[in-house]
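These are the residues of each chain, in order.
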Protein chains: 2
Amino acid sequence: MDYIKKFRVQPGSCVDLEKIDASFKDKHESHQRALPEIDSYAQKLQDLQYLMYAEGKRSLLICLQGRDAAGKDGTINHVLGAMNPQGCTVTSFKVPSKDEAAHDFLWRYHKVAPAQGQVAIFNRSHYEDVLVVRVHDMVPKEVWSKRYEHINNFEKLLHDHGTHILKFYLHIDAEEEMARFKKRIDDPTRHWKISEGDYSERPFWNDYTTAFEEAMSQCSTEHAPWFIIPANHKWFRNLAISRIIVETMEGLNMEFPEPTVDIEEIRKKYHAIVEEELDEA
Amino acid sequence: MDYIKKFRVQPGSCVDLEKIDASFKDKHESHQRALPEIDSYAQKLQDLQYLMYAEGKRSLLICLQGRDAAGKDGTINHVLGAMNPQGCTVTSFKVPSKDEAAHDFLWRYHKVAPAQGQVAIFNRSHYEDVLVVRVHDMVPKEVWSKRYEHINNFEKLLHDHGTHILKFYLHIDAEEEMARFKKRIDDPTRHWKISEGDYSERPFWNDYTTAFEEAMSQCSTEHAPWFIIPANHKWFRNLAISRIIVETMEGLNMEFPEPTVDIEEIRKKYHAIVEEELDEA
């Protein structure tokens, strides 16, 4: 099964989240059985990120969106675990600061866009400005409705600079969300994660669904596709996302840069001596 | 004469710099005679910028472009002289740093776009990336030719956030430029401003003309117009630019925010006592 094809929101299509099974796990019988495959992607991810860093030409932007408890943090831990922090940044976007709110909505995201050779992960992203902002009427419709176009333009700008953009919607259903909240309540080490907001957002479930659907319908493009990842099973979510990132990066045909020195020369000049010394010893 | 109309590049029109008189000075006989008018704009500019700062809703972005010795620094000194530095930033764009070059071309400009209530002046601007970059083949045509659209999108984003954009091309002719270089050579206090580059760019005069013309033709829009300012006379350049800024800002119908306290209450509570004390004394 081609995961990129399977989970990608076809540009121009109309998303209907109800129709997508959040518990999908492909042919995999269990987490245990899928482990070798998950591990193999983690290894590939590490190698590919090293290659991207070395090449220093392209970059990768990964945006993670989803409802509360959908698993954004867990995904980051998994994906990032495989990467060298020197070539990777993570930014979590919270309520805008006073300075951020005094600029256009894309300002704070553009500032932390990945440089060449870098992977940037956005924990929540510029899509918040057509999601929570829309659901809670923080700006008038006239303002947020223009943002889809601004977002597409912004992503095109990054794309033209060699930034590959992958946007993942972590798809859980209402039962799974409530089950995860319950787990938090029952586990004292997770109490710090609980906020009133987790519950006060629940009545807006359908409004969020509509907002997510429109965002993905309007802004899944050839150069910056959205992927809807079944995320009721955390391990499947990690497997699917890693696999899509790996296959996307493999498709970039990256290459190590040519050495700036004559390797043979260096070998002769320095290593021959070492080898002689070793021979003599 | 309506300067905004007179000097604005009509959106969609084709610029021909040869046809524009760089020595134009309207009805003004001399700098001396124009001084009262110049001063009146400086005063108005000060008041309007204070109002923009207080209102804290809109912002102003002024981009200055022109050939060497066209008077960008002089314009900034004049315009800025009238403003409170707390509400105003100036950024001069030089050769991109390594970090800047590793991002898309708009990244470094977006970072310093004005916040609400602020005036930002760009000494050179994002247009450099379709000017010097084009003239000297720093990136392939395929890359720079896409930038006009990115620039228009970027300026639209700022505009939708309440940023008013004014872009000034300081128009001098080849004789005037050489005369200014000569003045620098003859004045030891200006020797530091002379670089080999001043002269080595001269053979590219026509290439720059073409590049400026195309940039202004493609990117003069209703929301972010270009103005071609006759700049052989420095005083007329200052007069025209100040006037256009003043009239644009007046058109914004800015208002001081409502006080957050009851002024009459404050007057009674604190000032009555002071007045009583004064009466008693």
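The rules behind the values
- Residues numbered from 1 in each chain as written.
- Chains lettered and ligands numbered in written order.
- Predicted model: local features only at pLDDT ≥ 70, side-chain atom pairs only at ≥ 80, totals over all residues.
- Heavy atoms only, no water.
- UniProt positions renumbered as here; feature names shortened; annotations may be inferred.
- Phe/Tyr/Trp six-rings, centres within 6.5 Å; stacked < 30°, edge-to-face > 60°.
- Helix = DSSP H or I, 4+ residues; strand = E, 2+ residues; numbered from the N terminus.
- Buried < 20%, exposed > 50% of the residue type's maximum accessible area, 1.4 Å probe, protein only.
- Lys NZ or Arg CZ within 6 Å of the ring centre and 35° of its normal.
- Least-squares fit on C-alpha atoms with pLDDT ≥ 70 in both.
- 1 Å grid on protein atoms, 1.4 Å probe; cavity = no way out; pocket = protein on both sides within 12 Å on 5 of 7 lines; lining within 4 Å.
- Points joined across faces, edges and corners; volume = space filled by probe spheres on them.
- Nonpolar A, V, L, I, M, F, W, Y, C, P; charged D, E, K, R; others polar.
- Pairing = 2+ DSSP bridges.
- Axes fitted to C-alpha atoms, helices over the stretch in contact; angles between N-to-C directions.
- Contact = heavy atoms within 4.5 Å.
- Polar contact = N/O pair within 3.5 Å; in protein donor to acceptor, adjacent residues only side chain to side chain.
- Parallel < 35°, antiparallel > 145°, perpendicular 65-115°, else oblique.
- Left-handed = near helix turned anticlockwise from the far one by under 90°.

- For chain A, an unreviewed UniProt entry supplies the name Polyphosphate kinase 2 (PPK2) and the organism Gimesia aquarii.
- In UniProt, chain A has this text filed under Sequence similarities (unreviewed entry): "Belongs to the polyphosphate kinase 2 (PPK2) family. Class I subfamily."

## Description of the packing of aromatic side chains
Residues and elements named next belong to chain A.
Here is step 1 of the chain: Under the counting rule described, the total for this entry stands at 32 aromatic pairs over all chains.
Here is step 2 of the chain: Plain terms: the ring middles of F24 and F236 are 5.8 Å apart, the flat faces sit at 80° to each other, and that makes the pair edge-to-face. With F24 in the loop between α1 (3–7) and α2 (31–55) and F236 in helix α12 (residues 234–250), this residue pair connects regions lying 212 residues apart in the sequence.
Here is step 3 of the chain: Judged by relative accessible area, which is 0%, F236 ranks as buried.
Here is step 4 of the chain: For R243, the ring lying beneath its charged end belongs to Y3, and the centroid distance is 3.9 Å.

## What about the relation of the copies chain A and chain B?
Here is step 1 of the chain: Overlaying chain A with chain B gives an RMSD of 0.1 Å, the required rotation being 180° about an axis along which the chain moves by 0.0 Å. A rotation of that kind, with that shift, is consistent with a two-fold axis.

## Considerations on empty space enclosed by the protein
Here is step 1 of the chain: Under the counting rule described, the total for this entry stands at two cavities of 30 Å³ or more.
Here is step 2 of the chain: Roughly 120 Å³ of volume is contained in the largest cavity.
Here is step 3 of the chain: As for the largest cavity, its lining consists of A:L106, A:H110, A:H150, A:N153, A:F154, A:L157, B:L106, B:H110, B:H150, B:N153, B:F154 and B:L157.
Here is step 4 of the chain: For the lining of the largest cavity, the secondary structure elements donating two or more residues are α8 (147–160) of chain A together with α8 (147–160) of chain B.
Here is step 5 of the chain: Residues of the lining of the largest cavity, tallied by class, amount to six nonpolar, six polar and no charged.
Here is step 6 of the chain: The volume enclosed by the second largest cavity comes to roughly 40 Å³.
Here is step 7 of the chain: Looking at the second largest cavity, the residues that line it are A:Q49, A:Y50, A:Y53, A:N84, A:Q86 and A:G87.
Here is step 8 of the chain: A class-by-class count of the residues in the lining of the second largest cavity yields two nonpolar, four polar and no charged.

## A closer look at the sheet that holds strand β3 (residues 119–123) of chain A
Residue and element names in this part refer to chain A.
Here is step 1 of the chain: Pairing within the open sheet is parallel, and its five strands lie in the order β2-β3-β1-β4-β5. The sheet is open, and its two borders are formed by β2 (88–92) and β5 (226–230), each paired with just one other strand. Between one strand and the next, the sheet's axes are offset by a mean angle of 20°, whatever the strand orientation.
Here is step 2 of the chain: Judged from the five bridges that link them, strand β4 (residues 163–171) and β5 form a sheet pairing that is parallel. From the neighbouring strand, L170 faces β5, where its bridge partner is I229.
Here is step 3 of the chain: Contacts from α8 reach β1 (59–66) and β4, with the element oriented near 135° to β4.

## Considering the UniProt feature "domain: Polyphosphate kinase-2-related" (unreviewed entry) in chain A
Here is step 1 of the chain: Within this numbering scheme, the UniProt entry marks residues 37–254 of chain A as carrying the feature "domain: Polyphosphate kinase-2-related" (unreviewed entry).
Here is step 2 of the chain: When the span residues 37–254 of chain A is considered, its composition is 50% helix and 15% strand, and the gap between its end C-alpha atoms is 23 Å.

## A word on the interface of chain A and chain B
Here is step 1 of the chain: At the junction of the two partners, chain A supplies 21 residues and chain B supplies 21 residues.
Here is step 2 of the chain: Where chain A touches chain B, the interface holds 22 residue pairs in polar contact (both at pLDDT 80 or more).
Here is step 3 of the chain: Those elements that provide at least two residues to the side of chain A that touches chain B are α5 (107–111) and α8 of chain A.
Here is step 4 of the chain: Sorting elements by how many residues they give to the side of chain A that touches chain B places α8(A) first, with six residues.
Here is step 5 of the chain: Taken together, the residues of the side of chain A that touches chain B break down into ten nonpolar, six polar and five charged.

## Thoughts on the packing of α8(A) against helix α11 (residues 205–219) of chain A
All names here are of chain A.
Here is step 1 of the chain: Relative orientation of the contacting elements α8 and α11 amounts to 45°, with a least axis distance of 10 Å. Judged on the interaxial angle alone, α11 and α8 are oblique. Between α8 and α11 lies a crossing of right-handed hand. In contact with Y148, I151, N152 and E155 of α8, α11 contributes E214, A215, Q218 and C219.

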